[in-house]
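What follows is the residue order along each chain.
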Amino acid sequence: ECNIQEKINFEIRMREGICKLLTVSTQKDQLLRGVKNLMVCNARILAYRAELQEQKEPRSCRAEERSSENRTKEWVACKAKVAISDIRIPLMWKGSDHFSNKERSQRYAVFCLLRMGTEVLDTEVALVDKAITDICFENVTIFDEASPDFQVKVEVYSCCTEDPLYVTNTPKKLAKKLKTSLSKATGKKLKAELKEDSTESLLPPDLVIPGAKYSLLAYTTLGLESAEDNFRTHNLTIAGNEESSFWLPLYGNMCCRLVAQPSCMTRDVMAGFLNQQQMVGSLPSWRRLYCVLRGGKLFCYYSPEEIEAKLEPAMTISINK
């Protein structure tokens, strides 16, 4: 619980810094990236708080929800490292769009949010116009603690950059400016938060800077069955419609490479001394070896010091049965 609370506090400090940067930013790309980073911080805070709340539940309640089969899976499951790279989302512009100078001048900022459990990662912001046929993200996004039944949710967010982008001088003025355009009930809630002078509640997740509002464009969920050492196409669930300002004409699919590597392939799973039986003439004898199990192989040394000296093992046994 202390570890999660530290992560929450860190993200809150990050959010405070981003808010300060936004108040002095004048460039459009700075604002777009700043708002994106603000969304990432908020998503992480919400994920950590949900995990913290789950940990605070009475153990008896959690135990009732888990079957013995699930508990066994948790105990024996091997953690893995999961990586997503080279995301490509094709666009389907209408023929007339390519020849309309007015429409062709419209630009969109797009990024992906990737979630797995409490881990929330993001890609860079890609700027898209009618001359672009594919939205490409070259990032390599890595989740280090994936379970065998992992689920990675990929969310695609879009923002039309042609709307006027501006911020007011201070976060409070910004929030007050926003308050005037919100409903009466929401305005009262925001006013109360401003009186508390709480930076944490100053810019809640559903509050955005005018002209830099990202909206969910599409999403999909990837699991172990999607992992392969090759590019694959995955279906996207599209949000919004053609009337939305953030709308982009998607084909409804996404290409990417998703790979998963069990931690036991790179980490020492077990280490210790073993005795190997040998035959000297017709008599059995034994030799003592220091063995390390890693990556489906048993590496055998005469002493642990040989590992530190990076010497080749005296013997390597493949664990293939």
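Everything below is about the structure printed above this text.
First, a word on what this report is: a plain description of the structure on this page. Just so it is clear, the model here is predicted, and its values are computed rather than measured.

Some details on the packing of aromatic side chains
So, step 1. Applying the stated criterion across every chain yields a total of three aromatic pairs.
So, step 2. Relative to Y214, the ring of F111 has its centre 5.0 Å away and its plane inclined at 85°; by these criteria the two rings are edge-to-face. In this pair, F111 is assigned in strand 2 (residues 107-116) and Y214 in the loop between helix 8 (199-202) and strand 7 (215-223), connecting sequence segments 103 residues apart. This pair shows no difference in class: F111 is buried, exactly as Y214 is.
So, step 3. For the ring pair F273 and Y290, a centre distance of 5.1 Å and an interplane angle of 70° mean the geometry is edge-to-face. Placement of F273 in strand 11 (residues 270-280) and of Y290 in strand 12 (residues 283-294) is noted, with a sequence separation of 17 residues between them.
So, step 4. Taken together, the aromatic side chains of F111, Y157 and Y214 make up a single cluster linked through ring pairs.
So, step 5. Between K36 and the ring centre of F111, over which it is positioned, the NZ or CZ distance is 5.9 Å.
So, step 6. A cation over a ring is seen here: K153 above Y219, with NZ or CZ 5.0 Å from the ring centre.

Quick notes on the nonpolar core
So, step 1. The biggest cluster of nonpolar side chains holds 32 residues, and the ones touching the most others in it are I84, I89, I135 and L248.
So, step 2. Tallying contributions element by element places strand 2 first for this core, with five residues.
So, step 3. What L248 contacts, discounting residues up to four positions off in sequence, is L91, W93, Y108, V110, I135, S158 and L217.
So, step 4. Ranked by size, the runner-up nonpolar core spans 21 residues in total, among them C19, V35, Y157 and C159.

Definitions and cut-offs
Residues numbered from 1 in each chain as written. Predicted model: local features only at pLDDT ≥ 70, side-chain atom pairs only at ≥ 80, totals over all residues. Heavy atoms only, no water. Phe/Tyr/Trp six-rings, centres within 6.5 Å; stacked < 30°, edge-to-face > 60°. Helix = DSSP H or I, 4+ residues; strand = E, 2+ residues; numbered from the N terminus. Buried < 20%, exposed > 50% of the residue type's maximum accessible area, 1.4 Å probe, protein only. Lys NZ or Arg CZ within 6 Å of the ring centre and 35° of its normal. Core = buried A, V, L, I, M, F, W, Y, C linked by side-chain atoms within 4.5 Å. Contact = heavy atoms within 4.5 Å.

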